[in-house]
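Observations on the model geometry
Next come the chains, spelled out residue by residue.
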Amino acid sequence: MGGTHTFQSSLDSKLITFTVMNNKSSLEHAHREIEMIYMIKGNLQVKVNNNFFQMKSSDFVLVNSNELHSFQSDEDNLFVVFHFNYFELSSLLTQKRLLFSCNSIENVSISDQKLRTAIEKLITVYMDVNNFSQVEILEKTYKLISILRINYMNNRKQLQIDTTFKGQNDRLTEIIDYIQSNYQEALSLEEVARIHYLSIPYLSKFFKKQTGKTYSQYLNEIRLEHAVYELVNSNKPITRIALDNGFPNIASFNRVFNESYQLKPVEYRKQMRVILDKEEVAYNDISDLEKNETLTQLRQYLKSNEDKSVQAVPRTTSPKDFEIVKIGKLDAFVKYWNRLLNIGYARDLLNSDMQEQITLMQKEIGFTYARFWGLFGDDMLLEDRSEGTITYNFSNANKLLDFLIKNNLKPFIEIGPKPKIIQKAIGETLVVQTTKETTLEQWQNLVKAFLLQCIERYGIEEVETWYFEMWRPHTAIFNFKSQEENDVLAKIKDNQFRDYFKIFSDFKRITQEHVPGAKVGGCGLNMNLEGYKLDLLLEQWKQEEIQPDFLSIYLYPIEIDREKYRVPIKNLHSTDPLYVQNKLKDVRKSLKKTGYDGLEINVTEWNISISNRNYLNDSSFKSSYLVKNIIENININQVNMLGYWLCSDIFSDFRDSKNLLHGGAGLMTKNGIKKPSYLAFVLLKQLGEILVAKGKNYIVTKKTGDRYQVLCFNYKNFNYSYYLHPEGSTGIDEQYDFFEDNEPLNLSLELQGIANGKYRIKELKLNRNHGSVLDEWLKAGAAEDIKSDEVEYFKQICMPYMKIEHSLVENHSIILKGELQPHEVRLFELNLLFREV
C-alpha cells in the first residue's frame, strides 16, 4: 500500500499544503483548490479532463480549479502533491479568475528549471521546518507562486472561463470584475448596464460578442463554480448554498447544476463524499512505519540533489557559451535618461552646497534640463505689497535661473502652488511648505511679469527652449486610502478636472502670447490613474480648445490596491520587474486610443520609491536598478525624457537626518559623496550614440571611429519576504537580504566584425566593493559622528574599480568575459589605437 504524509505551515496553511506520496493512486475527482503534482522518482500516469500525462522524475503537472483528474501508480514511486487555496491565491495574485497552462511534458518552457528549483527549495523548508523561520517559509512559497504567475498564468485581461473568450478589452475587464465581485447579489443586466453607463441592448450584444456567452450564462457559471466548492467542502444545506451564491431559489440552482453535471446537487455531493472517504480510509490504513519510509525517501532525494540543484544563473561558462554580438546594422538612439534631472524646491537651489553639487554633476554627467518647482513660493520673496499695490522683485528667481544657465542647464519649471514635501513613507511626510492663496487675476499678472522679465534678461530665443509643466493638485497623491478608484472615476466622469483644464488653458494662452516656442504640458499623472480612467481623462482633455504640448507622468512602482487583499503584505512596491516598461506601454496605448498618438511623453519623476528614508537609495542595488530600466526602455514607447528623482539628499535634509546616510533619494549625499546611482549615470554617459546590440543584461554601443562601449549589469529583483516588511523598516545592514538570489552573473560576449588592430580596453566595475557608500560606511562601523576629514575619505574611496589592458585583435573578433557580482554594473570601453596593416 502506498504511503502519504501531509505538511502545513502555521503561517500559510490557508494558502498552500503539500502531501508526500509513495505508490499512491487516486480516483477521478475535482475540487476548488489548484493542484500541482511534482515527480521525485519512478513513474505516474495522470489524467486531467481527457488528457493523459506519463510523468517521470522532475516532471510536473498543474491541475486547474474544478478540473476532473486522477492518477495511477504503476510501480514504486515517490511524488509530491501541492494544493493551493483558490481564494487565497486569487487574492494574492489580484485576479479573480485563475487559469494556468503548466506542465513539463507537452508544454516545455525555458522557465521549467526555475520552477523545479523553487519547488524543491519549498519542499526542503517544509521537511526541515525547525531550522527555517516563518519568513523563509513564506519567501519560498511566494517565490514559487511568483514563477507560476510570471511564466504560466494566463493573461489577466483574458479573465476567461474557457477558451471561447476572445477579443477582451478594458471595458469588458471592468464589467467582468464587477460581476465577479457581486455574483452573490441579485445582479441584473439592467444594474450592470447602469453602473457602467451603457444601454441594456448594447451591453447584451457587446457581452455576447466578446465572450461567446450570454450575460446570464456567464453569471450562472460564476455562481455555480463557487457553489460546487461549498457543496463538496462544507456541510451547509443545499438550499443555503444556492441562496448564498446568488441563485434566486433551489429550483434555479438545480436546473443550472443539472445542465453542467447531468446530476442533481445532492447526488453529486454523495459521489464526491464517497471518493474523499475512500482516500481518507486509505491514508488512515497506512502505518507510521510506511509514512516514515516515505519521508525518508524524500529526505534522501533532497540530500542527494543538494549539491546539484539547478541555479538560475550558472556559475561557470564553457568556451562555447559565448553570446555573439555581430557588428552589422547600426541604429541611432536618443539618450533620454540624462535630458532631465529633478533638482527640487526652488529655494533650495540658492543653497551654496546644492549649487556646488549641481556644478559637479554637470561636469561629470551633463543633464539638459533641470526641473524644479516653488518658483512663485512665498519664500522666493517675489511680491512686494508694502505700499498697497503689488510690485514684483525677481532677484531670487534670477539668481536661480542665472546659475542654471551658467551651468548649461535649461529650466524645466513646474508651475503652480505645489508644496515641498519630504516623503518618509507612503502617507507619511516630514515637512510641508505651502504657498498662500491668490486670485486667478493676481496669478496671471505674476506669470506675465515673470515671462516678460525673462525675455528681457535672457532673450526670447533662450526662453523658447524652456519647458513649463502645469501642476495638478492631486487628491493626496500618495495617500491612496483617500483616493479610491471609484472616486477618481466619478470625478473624471463629472468633469471635475474642469478647473485644471481652465487654469492650464489660461497659462498656455499667456505663454503662447509672449513665448510661442516654449513647451507647455501636464499634468503629472500618477499611475493609479490608468486604463479606462486614463482614457476618460484624455478624451475630455482632447475636447478642450487648448491642447498640451506634452504629457507628464510620474513613475513610482507602487501597487495601490495591495492593502485590501487578505495576505500579509505590508510593502506597496509592485512585484513586476518590468513595471516601468509596462506602464509606459499602457500610457502610449491610451494616447493612441484617444487621438493623442505621437504626443510627447515626459516622465518628470521616476524612482524605485517615493521615500526619502529608505537605505536602498544608498545601496549598490540602486545602480543596477537604474541601468536595467534605462537600457530596457531604449528606443521603445517614444519617451522624450526620464527625469530621475532626485538630485541631492540636501532636499530631504531634516532634523532626523543627522547621520552620514539617511536613505534619501538623491544621487549624492548631503555631504557631497557620490552614491552608486550617481556613478551609474557616469557610466551611462560613456555610451556612444549608435546602438549596436542590446541583450538581457547588456548593451553595446559605438562612437565615431572604432570605439565601442559594453555596459552590463547583474540586476536582482526582490523576493517575497521584502514585501512582508513596511518600506524602510529594515536595518541599514539588512539591505541586501531581500533579493531573489545572490548568484553572480558570468558574462561572455564575443564581438564579431570589428577592425583588426591593437585596442585599449578600459574596464570599470561598480559594485558593493567598489563605489558603494552604504557598504563603505558599514565597513567603517556606521558611526554617527562622522568628521569632515572622514567625509573626504568617503568621497575619495567611493569610486568604481578601474583596469586598463591592451589587446591585439587579429580575426575581427574579441571576447569580453567577467563574473558580475549581484547588483554590479560594469563598463568595457574598447578604443582602436592603430589598425593592423
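Every chain is numbered independently, its residues counted from 1 as its sequence is written. Since the coordinates come from a predicted model, pLDDT governs what is reported: local features require at least 70, and pairs of side-chain atoms require 80 or more to be given and counted, while whole-chain, interface and lining totals use all residues. To obtain the side-chain values, all non-hydrogen atoms of the structure were included, while hydrogens and water were left out.

Turning next to the overall build of the protein. Helix and strand labels come from DSSP, where a helix needs a run of H or I of at least four residues and a strand needs a run of E of at least two; each type is numbered from the N terminus. Looking only at helices and strands, the protein features 23 helices and 31 strands. It only takes one pair of heavy atoms within 4.5 Å for two residues to be counted as in contact. Partitioning the contacts of the protein with sequence separation of at least 6, the portion at a separation of at least 24 is 77%. Note on areas: Shrake-Rupley, 1.4 Å probe, and residue coverage restricted to the protein chains presented here. Here the protein displays about 36,400 Å² of accessible surface, and carbon together with sulfur accounts for 48% of that area.

Each pair of aromatic rings taken from Phe, Tyr and Trp, with Trp reduced to its six-membered ring, is defined by centres within 6.5 Å and is described as stacked if the planes are under 30 degrees apart, edge-to-face if over 60, and tilted in the remaining cases. Tallied over the full model, the rule gives 47 aromatic pairs. Here the aromatic rings of Phe82 and Phe84 are separated by 6.5 Å at their centres, their planes lie at 20°, and the arrangement is stacked. For the pair Phe82 and Phe84, a shared accessibility class is recorded, and that class is buried. Aromatic pair Tyr458 and Trp466: ring centres 5.9 Å apart, planes at 55°, arrangement tilted. Accessibility classification places Tyr458 together with Trp466 in one group, the buried group. Here a set of aromatic residues connected by ring pairs shows up, and it is made of Phe367, Trp606, Phe621, Tyr625, Tyr644, Phe681, Tyr715, Phe718, Tyr722, Phe738 and Phe739. Lys542 extends its terminal NZ or CZ atom over the ring of Tyr596, reaching a point 4.5 Å from the ring centre. Whether a charge sits over a ring comes down to the Lys NZ or Arg CZ being within 6 Å of the ring centre and within 35 degrees of the ring normal. Here Lys628 stacks its cationic end above the ring of Tyr715, 5.0 Å away from the centre of that ring. Exposure classes here rest on a 1.4 Å probe applied to the protein chains alone. A residue is buried below 20% of its type maximum, exposed above 50%, and partly exposed in between.

Our focus in this paragraph is helix H20 (residues 621-632). In a helix, the anticipated span is given by 1.5 Å times the number of residues less one. With twelve residues, H20 should reach 16 Å at 1.5 Å per residue; the first-to-last C-alpha distance of 17 Å fits that figure. For H20, the buried fraction is high: eleven of the twelve residues fall into the buried class. Those residues of H20 not exposed but buried are Phe621, Lys622, Ser623, Ser624, Tyr625, Leu626, Val627, Lys628, Asn629, Ile630 and Ile631.

Turning our attention to the pairing of strand E20 (residues 519-525). Here E20 lies mainly inside the structure; six of its seven residues are buried. If DSSP finds at least two bridges between two strands, the strands pair. Judged from the three bridges that link them, strand E19 (residues 467-470) and E20 form a sheet pairing that is parallel. Among the inter-strand pairings, Phe468 is bridged to a residue of E20, identified as Val520.

Overall, antiparallel pairing links the four strands, which are arranged E3-E8-E5-E6 in an open sheet. Pairing within the sheet leaves two strands with one partner each, and these edge strands are strand E3 (26-29) and strand E6 (51-55). With direction set aside, neighbouring strand axes in the sheet form an average angle of 15°. Pairing analysis gives two bridges linking E3 to strand E8 (residues 69-72), with the strands arranged antiparallel. In the strand pairing of E8, Ser26 is matched with Phe71. In this analysis, axes come from line fits to C-alpha atoms, helices being fitted only over the stretch in contact, and the angle between any two N-to-C directions falls in the range 0 to 180 degrees.

By the element assignment, Ser104 lies in the loop between helix H1 (86-92) and helix H2 (112-127). Here a polar contact is taken to be a pair of N or O atoms separated by no more than 3.5 Å, where protein atoms must pair a possible hydrogen donor with a possible acceptor and residues adjacent in sequence count only if both atoms sit in side chains. At 3.2 Å, the side chain of Ser104 and the side chain of Asp59 are in polar contact. Among the polar contacts listed, one links the side chain of Ser104 to the backbone nitrogen of Phe60, at a separation of 3.0 Å. The residues contacting Ser104, other than those within four sequence positions of it, are Ser58, Asp59, Phe60, Asp112 and Arg116.

As a further point, take the environment of Tyr38. With respect to the helices, strands and loops of the structure, Tyr38 is situated in strand E4 (residues 34-41). Remark: the alpha-carbon pair of Tyr38 and Val80, spanning 42 residues in sequence, is separated by 5.2 Å. Reaching out from Tyr38, the side chain makes a polar contact with the side chain of Glu120 at a distance of 2.6 Å.

The geometry of helix H7 (residues 215-233) relative to helix H9 (residues 250-261) is characterised by a closest axis approach of 11 Å and an angle of 90° between their N-to-C directions. Between H7 and H9, the interaxial angle falls into the category roughly perpendicular. On the side of H7, the interface is formed by Asn220, Leu224, Ala227, Val228 and Leu231, while H9 contributes Phe253, Val256, Phe257, Ser260 and Tyr261. Of the residues contributing to the contact of H7 with H9, the split by class is eight nonpolar, two polar and no charged. In these notes the angle categories are as follows: under 35 degrees is roughly parallel, over 145 is roughly antiparallel, 65 to 115 is roughly perpendicular, and the rest is oblique. Amino acids are sorted into nonpolar (Ala, Val, Leu, Ile, Met, Phe, Trp, Tyr, Cys and Pro), charged (Asp, Glu, Lys and Arg) and polar (every other residue, Gly among them).

Here we come to the sheet that holds strand E10 (residues 323-326). Ordered by their spatial adjacency, three strands build an open sheet running E10-E27-E30, and the pairing between neighbours is mixed. Two strands lie at the open edges of the sheet, namely E10 and strand E30 (813-820), each paired on one side alone. Direction aside, neighbouring strands of the sheet carry axes that sit 20° apart on average. Here E10 runs beside strand E27 (residues 745-752); their pairing, made up of four bridges, is parallel. In the sheet register, Ile324 faces E27, and the bridge partner there is Glu750.

The next subject is the confidence of the model for the protein. Per-residue confidence from the prediction method is given by pLDDT, with values spanning 0 to 100. When pLDDT is averaged along the protein, the result is 83, and 84% of the positions lie at 70 or above. The model gives residues 156-168 a pLDDT under 50, and that stretch makes 35 contacts with residues more than four places away or in other chains. Within the model, the stretch residues 562-566 combines pLDDT values under 50 with 14 contacts to residues more than four positions away or in other chains.

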